[in-house]
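Architecture at a glance
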Amino acid sequence: MSRGDDLQSQALTKPAFSETQASALVESVFGLKVSKIQPLPSYDDQNFHVCVSRTKDTTDGPTEYVLKISNTESSKTPELIEVQSHIIMFLRDAGFPTASVCRTKGDNLTSLVSIDSGSEIASYLVRLLTYLPGRPIAEIPISPQLLYEIGRLAGKLDKTLEKFHHPKLSCLRRENFIWNLKNVPLLEKYLYALGQSRNREIVTQVIQLFKGEVLTKLGDFRECVNHGDLNDHNILVEAIKSAPEGATYHVSGILDFGDMSYGYYVFEVAITIMYMMIESKSPLHVGGHVLAGFESVIPLTPVERGALFLLVCGRFCQSLVIAAHSCQLHPENKEYLMITAKTGWKHLQQMFDMGQEAVEEIWFQTARSYDSGIAM
Ligand SMILES: Nc1ncnc2c1ncn2[C@@H]1O[C@H](COP(=O)(O)OP(=O)(O)OP(=O)(O)O)[C@@H](O)[C@H]1O
Ligand SMILES: [Mg+2]
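Given the structure is predicted, the values throughout are model-derived calculations rather than measurements.

**Examining the overall build of the chain**
The secondary structure content of the chain amounts to 9 helices and 10 strands. A principal-axis box enclosing the C-alpha atoms of the chain has dimensions of 60 × 50 × 40 Å. When the 376 residues of the chain are sorted by exposure, 40% land in the buried category.

**Some words on the packing of helix H7 (residues 302–329) against helix H8 (residues 334–354)**
Relative placement of two packed helices is described by the angle separating their axes and the distance separating the axes. Relative to each other, H7 and H8 sit at 150°, their axes nearing to 9 Å. Considering the angle they form, H7 stands roughly antiparallel to H8. As H7 packs across H8, the resulting crossing turns out to be left-handed. Counted together, Cys313, Phe316, Ser319, Leu320, Ala323, Ser326 and Cys327 of H7 and Lys334, Leu337, Ala341, Gly344, Trp345, His347, Leu348, Met351 and Phe352 of H8 form the full contact between these two elements.

**Some details on the nonpolar core**
Ranked by internal contacts, the top residues of the largest apolar core, which has 96 residues, are Val26, Leu67, Val266, Ala270, Leu311 and Cys313. Element by element, the count of residues in this core is highest for H7, at 12 residues. In terms of domain composition, this core takes at least three residues from each of domain 1 (19–130) and domain 2 (135–371). Setting aside chain neighbours within four positions, we find Leu67 in contact with Ala22, Leu25, Val26, Asn47, Phe48, Val50, Val126 and Leu128.

**Considering the site of ligand 1**
Contacts to ligand 1 come from 21 residues, most closely from Ser42, Tyr43, Asp45, Leu132 and Asp256. In terms of residue class, the shell around ligand 1 is made up of 11 nonpolar, 7 polar and 3 charged. Counting residues domain by domain, the shell around ligand 1 receives three or more from each of domain 1 (19–130) and domain 2 (135–371).

**A word on the sheet that holds strand E4 (residues 111–116)**
Read across the sheet, 5 strands follow the order E1-E2-E3-E5-E4 without closing on themselves; strand pairing throughout is antiparallel. Here the strands that pair on one side only, and so sit at the sheet edges, are strand E1 (33–40) and E4. Strand-to-strand twist of the sheet, defined as the mean angle between neighbouring strand axes without regard to direction, takes the value 30°. Note that strand E2 (residues 46–53) and strand E3 (residues 64–69) share 6 bridges and pair antiparallel. Within E3, the residue paired with Gln46 across the bridge is Ile69.

**Description of the sheet that holds strand E9 (residues 249–254)**
Read across the sheet, 3 strands follow the order E6-E8-E9 without closing on themselves; strand pairing throughout is antiparallel. Edge strands, defined here as strands with exactly one partner in the open sheet, are strand E6 (135–136) and E9. Bridging between strand E8 (residues 235–239) and E9 involves 5 bridges; their strand directions are antiparallel. Paired with Ile235 across the strands is Ile254, a residue of E9.

**Some thoughts on unusual backbone geometry**
The phi torsion at Asp107 lies on the positive side, around 70°, for a residue other than glycine. Relative to the helices and strands, Asp107 resides in the loop between helix H2 (78–93) and E4. Owing to 6 C-beta atoms within 10 Å, Asp107 belongs among the exposed residues under this scheme.

**Brief notes about the domain arrangement of the chain**
By a frequent convention, interface size equals the accessible area lost on bringing the separate parts together. The domains assigned to the chain are domain 1 (19–130) and domain 2 (135–371). Taking only C-alpha atoms, the centre of domain 1 and the centre of domain 2 are 28 Å apart. Each partner contributes residues to the interface: domain 1 has 14 residues there, and domain 2 has 15 residues. For the side of domain 1 that touches domain 2, a count of residues per class yields 9 nonpolar, 3 polar and 2 charged.

**Comments concerning the pairing of E4**
Of all 6 residues making up E4, only 0 are buried, and the element is barely covered by its neighbours. Where E4 meets strand E5 (residues 121–130), 6 bridges bridge the pair, whose relative direction is antiparallel. Bridge pairing in E5 places Asp116 opposite Ile121. A loop of 4 residues connects E4 with E5, the two strands running antiparallel in sequence, and Gly118 in this loop sits at a positive phi of about 100°.

**As for helix H4 (residues 198–213)**
Helix length check: H4 (16 residues) gives 22 Å between terminal C-alpha atoms against 22 Å at 1.5 Å per residue, within 8%. Looking at H4, one finds that the buried residues are Asn199, Ile202, Val203, Val206, Ile207 and Phe210. Taken around the axis of H4, the buried residues stretch over an arc of 135°, which confines them to a single face. Exposed side chains of H4 directed beyond 90 degrees from the buried face belong to Arg198, Glu201, Gln208, Lys211 and Gly212. Looking at the packing, one finds that the buried side of H4 touches H7 and H8.

The rules behind the values
- Residues numbered from 1 in each chain as written.
- Chains lettered and ligands numbered in written order.
- Predicted model: local features only at pLDDT ≥ 70, side-chain atom pairs only at ≥ 80, totals over all residues.
- Helix = DSSP H or I, 4+ residues; strand = E, 2+ residues; numbered from the N terminus.
- Buried ≥ 20, exposed ≤ 12 C-beta atoms within 10 Å, placed from the backbone.
- Axes fitted to C-alpha atoms, helices over the stretch in contact; angles between N-to-C directions.
- Parallel < 35°, antiparallel > 145°, perpendicular 65-115°, else oblique.
- Left-handed = near helix turned anticlockwise from the far one by under 90°.
- Contact = placed C-beta atoms within 7 Å.
- Core = buried A, V, L, I, M, F, W, Y, C linked by C-beta atoms within 7 Å.
- Domains from an automatic or database assignment.
- Near = placed C-beta within 6 Å.
- Nonpolar A, V, L, I, M, F, W, Y, C, P; charged D, E, K, R; others polar.
- Pairing = 2+ DSSP bridges.
- Expected span 1.5 Å × (residues − 1).
- Arc of directions from axis to C-beta.

Structure (structure tokens):
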């Protein structure tokens with residue numbers, strides 16, 4: 001996802017290009033001949049899966065791409081998109097399965113396209129990325145081994161990003177960005193969307209605990225740039241062909257760098273745990289496997305570990321409260337938004353009812369079992 005930094009100040013317009021208009025863009029901006037184009041799911045932007053035919057100038061290039069057209073708000077922060085594109089390329093060079101970013105005919109990474117809608121002229125930033133193989137991890141049952149791999153990948157990602165330098169990197173200090181995990185207290189202004197309910201009581205309590213026990217310790221956490229959205233649709237996996245019974249997967253794609261911002265190591269692991277819990281049949285056990293993978297690269301300090309429970313609860317709150325707010329704004333999306341929310345609320349309630357100590361016991365014991373070589 002990629003949204004502006006404050007939900008309320010945002011009157012973003014999601015692009016609504018037709019397939020014909022999108023094909024014409026690929027040809028005019030990137031010089032590629034489209035043979036097939038299909039819309040892809042998107043939140044605030046518009047994404048298309050594009051197949052191109054080879055010409056004499058493109059005999060060995062890829063033939064499948066994703067055309068990303070940013071919404072009007074994100075299109076006003078080209079430096080943020082530029083840094084994201086450089087990070088995607090940097091990670092690919094470092095061996096991560098991220099897309100390649102294609103250059104325009106004018107040798108740029110993005111192009112600003114203006115459309116006259118009759119009443120006004122709207123401008124949209126356009127990018128073309130290579131299409132990555134695999135399917136979203138949301139579509140497969142996730143094994144403990146894969147959870148460990150994903151935790152490890154999250155750790156390696158944060159570690160590798162420390163070597164990335166760019167003159168505009170400071171634009172990733174997105175102070176009031178609603179999805180930055182330190183901004184859980186900003187959810188207070190959206191609580192109206194929950195009505196008077198047990199869910200609202202839980203969120204209110206999480207926010208209070210978060211203010212007292214997490215915000216006061218931020219200075220003790222180690223800072224880094226976070227991907228910030230390693231959710232089950234932003235990680236693609238492919239079956240390992242040689243694996244017995246074909247049930248083993250490896251990560252074939254990391255997508256969606258639109259929520260990157262400065263945070264902390266422990267934020268990345270908390271965000272990953274929360275999203276991996278959503279579809280799990282054994283949600284309380286997810287955390288230990290992801291944590292063990294992450295800590296195989298970056299062992300957490302006791303203070304960071306001690307904040308993990310409230311950080312995972314905090315991420316559930318961000319996701320659920322913002323979804324409830326979006327439902328009020330766009331009731332037409334309600335059915336879709338509510339499917340994930342139903343499971344999410346159930347997991348948050350269960351974690352909250354069990355309490356920090358009991359949940360940590362499960363997580364830390366599972367993580368410890370990797371040290372002894374007998375993973376649970
Ligand atoms: N490079 C890619 N290779 C393969 N599939 C992709 C690629 N980029 C996007 N997709 C597919 O499109 C979906 C949406 O893309 P992405 O995650 O980048 O955007 P989003 O967060 O859903 O939406 P928005 O761009 O509106 O914020 C992905 O979940 C994936 O299924
Ligand atoms: Mg996404």
